[in-house]
Amino acid sequence: MGCKDRRKRGSILVSVLVLCFFLLALGTGIAAYVHSEAATAAALSRGIQAQYLAEAGIQDGIVKLASDRAFNGSYSRNLGSEGTYKVSILARQPWRRLLVSQANCQGEARQLVVEADLSLTLSRCLLATERDLFLSEQDYLQGLVSAGGTIHGRQGVFVDGPCLGQKIETDGGVSVGGCHPAADLTVPTPPIAGHRDAPLLSPDQFVNGDFYYSGTLLLVQPSVGLGASGTVYVDGDVYVPAYYHFRGPWLLAASGSIIVGHDAKLEQVWLWAGQHLIAGDRVQLVGGAWSKDFLQIGEQAHLYGAAPPLFSELPSASADVFLLRSWNTYELKEGL
């Protein structure tokens, strides 16, 4: 009997020891898992912080370039426990810079690379709009095309020059000289806008000089000559009739919309609309067209960009800094 009791007590002890070892192993596994998850969460948090630091470095570089476009070099910022970032501004061409921001937050590192164009000014753009740009079938454009929104292209569109926009959507058969992502585009107001102290313009008589017009302006084909040299600010909308033929150099700015009729021919003319700008089919334009709202070009239009000879004071088209062409993210395996 005593022998049986000892064996029974021995088997219970073994079972208890096995259970203890099992619970110990289970507890160790849970502790290791919790520690691993905590470490992963902490690393993820540091990675997010490093990403934001890298973005802050890019913004720092933008401010630096805005105040000194000739800057070429590197500098660092130490934010203490928040981390550090290093900004490098490298000259690639006389008008182009490469911004590199390298950030580190407690061992987690991120890098952002941005290519910037310092030379994008409104006067260099054939077409520029803060919203969407619509190109129709068989349009031919020669010059820089820029949109703060989407560039929509129909079949047969040919653009001899770069297209800068958030994205480009086509239905096939579109040829462009490269499409690059763009930051939000700001089309600034030209200096002539608001010049209400200028002489009033008669819509049927164009002479050289700067003029102001209040209300809706319906242009009438000039009876004497084919054009004039100067600027006109219209506090309202402008309608350019079909088959209208005008030769500048001439800058026409309207606080409202500008509508250009079909088969109009505008040579050395630059159009600026505070709202939308619409050009009809077979329009010919040598100059530029810019709008704050959407910009639409009809079918079989022929547009050629030309730098305004009289309006060199036109401000930059990108918040007086530059256009961001690309934004790439890289994870660094080693600290800075």
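Our structure's up above, just so we're on the same page.
Residues numbered from 1 in each chain as written. Predicted model: local features only at pLDDT ≥ 70, side-chain atom pairs only at ≥ 80, totals over all residues. Heavy atoms only, no water.

(A) How the structure looks around the overall build of the chain. When you go through the chain residue by residue, the secondary structure sums to one helix and 26 strands. Within the chain, the fraction of its 336 residues that count as buried is 41%. Relative to all contacts within the chain whose residues are 6 or more apart in sequence, the contacts with residues 24 or more apart total 37%. Split by element, the accessible area of the chain, about 16,600 Å² in all, is 55% carbon and sulfur. (Helix = DSSP H or I, 4+ residues; strand = E, 2+ residues; numbered from the N terminus. Buried < 20%, exposed > 50% of the residue type's maximum accessible area, 1.4 Å probe, protein only. Contact = heavy atoms within 4.5 Å. Areas by Shrake-Rupley, 256 points an atom, 1.4 Å probe, with all protein chains shown as cover.)

(B) Seen up close, the side chain of Ser 88. Looking at where Ser 88 falls in the secondary structure, it is placed in strand 2 (residues 84-93). Reaching out from Ser 88, the side chain makes a polar contact with the side chain of Ser 74 at a distance of 2.9 Å. Aside from chain neighbours lying at most four places away, what touches Ser 88 is Gly 73, Ser 74, Leu 98, Leu 99 and Val 100. (Polar contact = N/O pair within 3.5 Å; in protein donor to acceptor, adjacent residues only side chain to side chain.)

(C) Region of the structure containing the sheet that holds strand 20 (residues 258-260). Strands sit in the order 12-9-6-24-22-20-18-16 across an open sheet of eight strands; the sheet is parallel. Here the strands that pair on one side only, and so sit at the sheet edges, are strand 12 (167-170) and strand 16 (217-218). Bridge analysis of strand 22 (residues 277-279) against strand 24 (residues 295-297) gives three bridges, and the strand direction is parallel. By the bridge assignment, Leu 277 is partnered in strand 24 with Leu 295. (Pairing = 2+ DSSP bridges.)

(D) Layout of the pairing of strand 5 (residues 125-129). In terms of burial, strand 5 is largely enclosed, as five of its five residues are buried. Here strand 5 pairs with strand 8 (residues 144-147) via four bridges, running parallel. Among the inter-strand pairings, Cys 125 is bridged to a residue of strand 8, identified as Leu 144. With three bridges connecting them, strand 5 and strand 23 (residues 284-291) associate as parallel partners. Its bridge partner being in strand 23, Leu 127 is matched across the sheet by Ala 289.

(E) Highlighting the packing of aromatic side chains. Under the criterion given, the structure shown has seven aromatic pairs. Ring geometry for Tyr 140 against Tyr 304: centres 5.8 Å apart, planes inclined by 50 degrees, an arrangement best described as tilted. Taken together, the positions of Tyr 140 in strand 7 (residues 140-142) and Tyr 304 in strand 25 (residues 302-305) put the pair 164 residues apart, joining distant regions of the chain. Tyr 140 sits in the partly exposed class, given a relative accessible area of 22%. On the accessibility criterion, Tyr 304 (29% relative accessible area) is partly exposed. (Phe/Tyr/Trp six-rings, centres within 6.5 Å; stacked < 30°, edge-to-face > 60°.)

(F) View of empty space enclosed by the protein. Taken as a whole, this structure holds four cavities of 30 Å³ or more when the rule is applied. Taken as a whole, the largest cavity encloses approximately 60 Å³ of empty space. Lining the largest cavity, in full, are Leu 127, Val 260, Leu 266, Leu 271, Leu 277, Ala 279, Val 283, Leu 285, Ala 289, Ile 297 and Leu 303. Counting residues per element, the ones that place at least two in the lining of the largest cavity are strand 21 (265-273), strand 22 and strand 23. Considering only residue class, the lining of the largest cavity consists of 11 nonpolar, no polar and no charged. (1 Å grid on protein atoms, 1.4 Å probe; cavity = no way out; pocket = protein on both sides within 12 Å on 5 of 7 lines; lining within 4 Å. Points joined across faces, edges and corners; volume = space filled by probe spheres on them. Nonpolar A, V, L, I, M, F, W, Y, C, P; charged D, E, K, R; others polar.)

(G) How the structure looks around the pattern of salt bridges. Inspection of the entire model under this criterion finds eight salt bridges. The partner of Asp 293 in a salt bridge is Arg 131, with the nearest N and O atoms 3.8 Å apart. Placement of Asp 293 in the loop between strand 23 and strand 24 and of Arg 131 in the loop between strand 5 and strand 6 (133-135) is noted, with a sequence separation of 162 residues between them. Residues Glu 137 and Arg 154 are paired through a salt bridge, measuring 3.6 Å at the closest nitrogen-oxygen approach. In this pair, Glu 137 sits in the loop between strand 6 and strand 7 while Arg 154 sits in the loop between strand 9 (150-153) and strand 10 (158-160), placing the two residues 17 residues apart along the sequence. (Salt bridge = Lys/Arg side-chain N within 4 Å of Asp/Glu carboxyl O.)

(H) Just the side chain of Asp 60, in detail. Note that Asp 60 resides in helix 1 (residues 2-67). What makes Asp 60 buried here is its relative accessible area of 15%. A polar atom in the side chain of Asp 60 sits 2.9 Å from the side chain of Arg 77. In terms of polar contacts, Asp 60 uses its side chain to reach the side chain of Tyr 85, at 2.7 Å. If we ignore the near neighbours within four places in the chain, the residues touching Asp 60 are Tyr 75, Arg 77 and Tyr 85.

(I) Layout of the nonpolar core. Counting 41 residues, the largest nonpolar core has Leu 127, Leu 135, Val 238 and Val 260 as the members making the most contacts within it. For Val 260, the contacting residues outside a window of four places in its chain are Val 240, Leu 266, Leu 271, Ile 278, Ala 279, Gly 280 and Val 283. (Core = buried A, V, L, I, M, F, W, Y, C linked by side-chain atoms within 4.5 Å.)

(J) The arrangement of a nonpolar patch on the surface in detail. Where nonpolar side chains cluster on the molecular surface, the patch consists of Leu 19, Phe 22, Leu 23, Leu 26, Ile 30, Tyr 33 and Val 34 and spans about 720 Å² of accessible area. Relative to the assigned elements, Ile 30 resides in helix 1. You can call Ile 30 partly exposed: its relative accessible area is 47%. (Patch = residues over 30% accessible without salt bridge, like charges linked within 9 Å, V, L, I, M, F, W, Y side chains within 5 Å.)

(K) Main features of unusual backbone geometry. Here Gly 248 and Pro 249 are connected by a cis peptide whose omega angle stands at 15 degrees. At Gln 268, a position not held by glycine, the phi torsion is positive, near 55 degrees. Locating Gln 268 in the fold gives a position in strand 21. Exposure remark for Gln 268: the relative accessible area of 27% places this residue in the partly exposed category. Within the chain, Gln 300 stands out as a residue other than glycine whose phi angle is a positive 55 degrees.

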